[in-house]
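Structural features, examined
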Amino acid sequence: MCIWRSILLYKQELPKVTPHICRHTFYSNMEKLGMNPKTLQKIMGHSDIGVTLNTYTHLDFDDIQKEMKEVCNR
């Protein structure tokens, strides 16, 4: 029975992770750590900051809420 579990495990489809997804993940992680967007623009190889900000910035409600609390508590 144990062999069948192993076979079934390997038949499960893994999520598709592409280099582009890795770029998004890298950008998001660096942005959350506070890296300057212009620095990220250069690292990502974009000539226009708009591409970097409009394509790679993904904010959720928690990000917005955290930012608002930081600004209001100054």
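Just so it is clear, the structure is predicted and the values come from calculations on it, not from any experiment. (Residues numbered from 1 in each chain as written. Predicted model: local features only at pLDDT ≥ 70, side-chain atom pairs only at ≥ 80, totals over all residues. Heavy atoms only, no water.)

As for the overall build of the chain
Counting secondary structure elements, the chain contains 5 helices and 0 strands. Reading the chain from its N terminus to its C terminus gives the helix and strand order α-α-α-α-α. For the chain, long-range pairs separated by at least 24 residues make up 39% of all intrachain contacts whose partners lie at least 6 apart in sequence. Carbon and sulfur atoms form 62% of the exposed surface of the chain, whose accessible area is close to 6,500 Å². (Helix = DSSP H or I, 4+ residues; strand = E, 2+ residues; numbered from the N terminus. Contact = heavy atoms within 4.5 Å. Areas by Shrake-Rupley, 256 points an atom, 1.4 Å probe, with all protein chains shown as cover.)

Observations concerning the pattern of salt bridges
For the structure on display, the rule yields 1 salt bridge. One salt bridge connects aspartate 63 with lysine 32, and the closest N-O pair in it is separated by 3.3 Å. Taken as a pair, aspartate 63 in helix H5 (residues 61-72) and lysine 32 in helix H2 (residues 19-32) lie far apart in primary sequence, 31 residues in all. (Salt bridge = Lys/Arg side-chain N within 4 Å of Asp/Glu carboxyl O.)

Section: H2
Its 14 residues place the ends of H2 20 Å apart at the C-alpha level, agreeing with the 20 Å of an ideal helix rising 1.5 Å per residue. If you check which residues of H2 are buried, you get His24, Tyr27 and Ser28. Looking straight down H2, one finds its buried side chains confined to an arc of 95°; they lie on one side. Downstream of H2 by one or two residues, glycine 34 has phi in the positive range, about 95°. (Expected span 1.5 Å × (residues − 1). Buried < 20%, exposed > 50% of the residue type's maximum accessible area, 1.4 Å probe, protein only. Arc of directions from axis to C-beta.)

Observations regarding the side chain of histidine 46
Looking at the secondary structure, you find histidine 46 in the loop between helix H3 (37-44) and helix H4 (49-56). The class for histidine 46 is buried, based on a relative accessible area of 14%. Here arginine 23 takes part through its side chain, which lies 3.4 Å from a polar atom of the side chain of histidine 46. (Polar contact = N/O pair within 3.5 Å; in protein donor to acceptor, adjacent residues only side chain to side chain.)

Describing the packing of aromatic side chains
By the definition in use, this model includes 1 aromatic pair. Aromatic pair tyrosine 27 and tyrosine 56: ring centres 5.9 Å apart, planes at 50°, arrangement tilted. Of this pair, tyrosine 27 sits in helix H2 while tyrosine 56 sits in helix H4; the two residues are 29 residues apart in sequence, bridging distant segments of the chain. The pair formed by tyrosine 27 and tyrosine 56 is uniform in burial state, with each residue classed as buried. (Phe/Tyr/Trp six-rings, centres within 6.5 Å; stacked < 30°, edge-to-face > 60°.)

Geometric descriptors of this kind do not, in isolation, establish any biological role.
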